[in-house]
Amino acid sequence: MEVVVASSSVDAGVGCWDLNTGAEQLRYKSCASPPHGLVCVGNRFLASSQHRDTSASTGSVLYWSWSKPQVEVKSPLQEKIKPLAATREGTYIVGGGSSGSIYLWEVASSRMLKKWPAHYRGVTCLVFSDDDSLLISGSEDGSVKVWSLLMIFDDYRRERSHLYEHSFSEHNLCVTDIVAGYGGCNAIIVSASEDRTCKVWSLSKGKLLRNIVFPTIIDAIALDPAEHVFYAGGRDGKIYVAALNAESPSSKNHGLHIISAFSNHSKAVTCLQYGINGNLLISGSEDGMIRVWDARTQNIIRVFKHAKGPVNNIIVVSQPLYHFQMNVNPQSSRKQGLSLKPLEKYEADGERDSKTIIGFQMSCSKSTDAMYVSSRVIDNQIKELQQKGSVASEMEMERLKLDCKRSAQMVEQWKKMYGNLHQFCLNELLDGSEAGGPNGNSS
């Protein structure tokens, strides 16, 4: 089941709807989130930063499990956290502070692994690349920075030079949204700003590819999965369609590289998301409405109404139906709850020897991706195995050996596929040059 999850800047809770049927699922209580402050962590639970008291100097992050409307974990933090982001497997969660610092926590242990000064002013946007290797941040100071998840732990590099991989400073005002395309370090990213521009950047080249000027401030952007166009939600209530490819036509009515615009919101469009399956675009607005559009025809398919107040966050998550079914048995409900501690408030200086390393997932049959875990978590797993007794330990070791063997076999398969593809490309190039002849004409 594909669900739309939305929150507001006022204390209106978190709404959740079935994208296909429109049926409302559980409504999660006690949430007043800032823009980009709502995230799904590894499809296991929801997390949101909170901005209830604008005058307060400290902040907090709340957790909800899918099956319970009440807040399960509250984490008081040393400063206001605005945007949140999580890696795809839910191993890490990051938060951007109003001071310009970025915080990195390990979800399993709730430990703060890293805090570093990222921007001169407050962080407004955080997004991971599709392979979780890079973190992209935007700020009130107008800058966009790209961080390697591995390099931020390199203390030697930190002493010798800056931590970021790229720093883009072409925006003149606050960055309002960032999206990343496919391709990891070779992807494009698109940033929006209060300077009424959206800028397209190349991560591989580290430079600006395209600058698009809009007739209004853009607060939300969403990439077409094919990466031909992107959608930009404006404060004038319109959704603009802008071209990513140089050969795409542009409309004289809207400006260079802007193909078209459509609207049904009465107030500013604050958030945009693309559906996981199907060609659906979901928009949220200050008018409190969430609209589901057919991206091809630009027709409205479905409308959701948030409880009260403006909508400022939308995420789309794929979840089984039983996750939203409340359990009436208190004992069973407690077992299904989150077994997580609050996020640590400070980075522990005495535990810096617990380095971050890369480990394989528990089952290689589920995914080929690697995930990041700290040596602290691995040490705990080893201790648990030792406490289980020799027979259980031996069985677990055999399973781990089997997983390792499968991983090695998978690597060999990828190497073979790469070799075949490389040879195919070479043959195609050679055949093409021979067919063309010395004068470029076929014989």
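Cut-offs applied
- Residues numbered from 1 in each chain as written.
- Predicted model: local features only at pLDDT ≥ 70, side-chain atom pairs only at ≥ 80, totals over all residues.
- Heavy atoms only, no water.
- Helix = DSSP H or I, 4+ residues; strand = E, 2+ residues; numbered from the N terminus.
- Buried < 20%, exposed > 50% of the residue type's maximum accessible area, 1.4 Å probe, protein only.
- Contact = heavy atoms within 4.5 Å.
- Salt bridge = Lys/Arg side-chain N within 4 Å of Asp/Glu carboxyl O.
- Pairing = 2+ DSSP bridges.
- Axes fitted to C-alpha atoms, helices over the stretch in contact; angles between N-to-C directions.

Caption draft 1: Structural view of the environment of glycine 233. Relative to the assigned elements, glycine 233 resides in strand 20 (residues 229-234). Owing to a relative accessible area of 0%, glycine 233 belongs among the buried residues under this scheme. As a C-alpha pair, glycine 233 and threonine 270 span 37 residues in sequence and 6.6 Å in three-dimensional space. Setting aside anything within four residues of it in sequence, one finds glycine 233 in contact with Ile217, Ile218, Asp219, Ala220, Lys238, Val269 and Leu272.

Caption draft 2: Seen up close, the pattern of salt bridges. All told, the structure shown has 6 salt bridges when counted by the stated rule. Close ionic contact of glutamate 24 with arginine 27 constitutes a salt bridge, the shortest N to O distance being 2.7 Å. Note on arginine 27: relative accessible area 26%, which makes it partly exposed. In this structure, aspartate 219 engages arginine 235 in a salt bridge whose closest nitrogen and oxygen atoms are separated by 2.7 Å. Here arginine 235 lies in the loop between strand 20 and strand 21 (238-243) and aspartate 219 lies in strand 19 (residues 218-223), a separation of 16 residues in the sequence. Among the charged side chains, a salt-bridge network with shared partners connects Lys82, Arg121 and Glu140.

Caption draft 3: How the structure looks around the sheet that holds strand 16 (residues 188-193). The sheet built from 4 strands is open, its strands ordered 15-16-17-18 with antiparallel pairing. Every interior strand has two partners, whereas the edge strands, strand 15 (175-180) and strand 18 (207-213), have only one. Neighbour to neighbour, the strand axes of the sheet diverge by 20° on average, direction disregarded. For strand 17 (residues 197-202) and strand 18, the ladder comprises 6 bridges, and the chain directions are antiparallel. Within strand 18, the residue paired with serine 202 across the bridge is lysine 207.

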